[in-house]
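# Observations on chain architecture
Here's the letter readout for the chains.
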Amino acid sequence: MSKLSGAYGKDRQPKRPSGTWHGALSTALIFGGAVWLLAYTLLDLPWVEALGSWNYVGVVATVVLTTIVGYTWRGAPYERPTHTSRV
């Protein structure tokens, strides 16, 4: 039975929670993609207009990167509340 215990993850140590930079990066990517899209559609900036419709590819790439960063985030391990807590 000890051979199977590792397969179910019972003897593994939980991974540490992600650093604060992880949430900051995710937030920056979300707002960066939104600003990029708004700058392309609403403003006449020469360096944005030079990319043409490639701006949409950049925004989609930013959304995909934000999704990947979000999936790699790890929170603190769940601690079950005690019977005395009011949460």
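Up top you'll find the structure we're talking about.
Just so you know, the residues in each chain are numbered from 1, in the order the chain's sequence is written. Restriction of local features to residues with pLDDT of at least 70 applies here, the model being predicted, together with a cutoff of 80 or more for giving and counting side-chain atom pairs; totals for whole chains, interfaces and linings are based on all residues. Processing note: side-chain calculations cover all non-hydrogen atoms of the structure and skip hydrogens and water entirely.

### Some details on the overall build of the chain
Helices and strands together make up the secondary structure of the chain, namely four helices and zero strands. Each residue is placed in one exposure class: buried if its accessible area under a 1.4 Å probe, protein chains only, is under 20% of its type's maximum, exposed if it is over 50%, and partly exposed if it falls in between. The proportion of buried residues among the 87 residues of the chain is 17%. Only heavy atoms matter for contacts: two residues are in contact if any of them lie within 4.5 Å across the pair. Pairs at least 24 residues apart make up 56% of the contacts formed inside the chain by residues separated by at least 6 positions. Using the Shrake-Rupley algorithm and a 1.4 Å probe, accessible areas are obtained, with residue cover drawn only from the displayed protein chains. If you sum the accessible surface of the chain, you get close to 7,700 Å²; carbon and sulfur atoms cover 66% of it. Secondary structure is summarised from DSSP: a helix means a run of H or I of at least four residues, a strand means a run of E of at least two, and numbering begins at the N terminus for each.

### A word on helix α2 (residues 20–42)
Compared with the 33 Å implied by 1.5 Å per residue over 23 residues, the 33 Å span of α2 between its first and last C-alpha is a close match. Of all the positions in α2, only His22, Ser26, Leu29, Gly33, Ala39 and Tyr40 are classed as buried. Contacts from the buried residues of α2 go to α3 (46–49) and α4 (54–71). Here, expected helix span is obtained from the residue count minus one, scaled by 1.5 Å.

### Describing the packing of aromatic side chains
Stacked, edge-to-face and tilted are the three classes for Phe, Tyr and Trp ring pairs, Trp counted by its six-membered ring, which pair at centre distances within 6.5 Å; planes under 30 degrees apart are stacked, over 60 edge-to-face, the rest tilted. Taken as a whole and judged by the stated rule, the model has one aromatic pair. With a centroid separation of 5.2 Å and an interplanar angle of 85°, the aromatic rings of tyrosine 40 and tyrosine 56 are classed as edge-to-face. Of the two residues, tyrosine 40 sits in helix α2 while tyrosine 56 sits in helix α4, which places them 16 residues apart along the sequence.

### Some points on the packing of α2 against α4
In this description, a line fitted to the C-alpha atoms serves as the axis of each element, helices being fitted only across the stretch in contact, and the angle between N-to-C directions of two axes falls anywhere from 0 to 180 degrees. Packing of α2 against α4 brings their axes to within 9 Å, and their N-to-C directions diverge by 165°. Here α4 runs roughly antiparallel to α2, going by the angle between their axes. Judged by the sense of rotation from one axis to the other, the crossing of α2 with α4 is left-handed. On α4, the residues touching His22, Leu25, Ser26, Leu29, Ile30, Gly33, Trp36, Leu37, Tyr40 and Thr41 of α2 are Asn55, Tyr56, Gly58, Val59, Thr62, Leu65, Thr66 and Val69. Should an angle lie under 35 degrees it is considered roughly parallel, over 145 roughly antiparallel, and from 65 to 115 roughly perpendicular; all remaining angles are considered oblique. Left-handed describes a crossing whose near helix is turned anticlockwise from the far helix by less than a right angle; the clockwise case is right-handed.

### Some remarks on α4
Taking 1.5 Å of rise per residue, the 18 residues of α4 would be expected to cover 26 Å, and the 26 Å separating its terminal C-alpha atoms lies within 8% of that figure. Buried residues belonging to α4 abut α2 and α3.

### Details of the side chain of serine 26
Structurally, serine 26 can be placed in helix α2. The class of serine 26 is buried, set by a relative accessible area of 17%. Residue contacts for serine 26: discarding those within four places in its chain leaves Thr66 and Val69.

### Focus on the side chain of histidine 22
Relative to the elements of secondary structure, histidine 22 occurs in helix α2. N or O atoms closer than or at 3.5 Å make up a polar contact, with two conditions inside protein: a donor-capable atom paired with an acceptor-capable one, and, for residues adjacent in sequence, both atoms drawn from side chains. Within the structure, the side chain of histidine 22 is placed 3.0 Å from the side chain of threonine 72, a separation counted as a polar contact. Beyond its immediate sequence surroundings of up to four residues, histidine 22 is in contact with Val69, Thr72 and Trp73.

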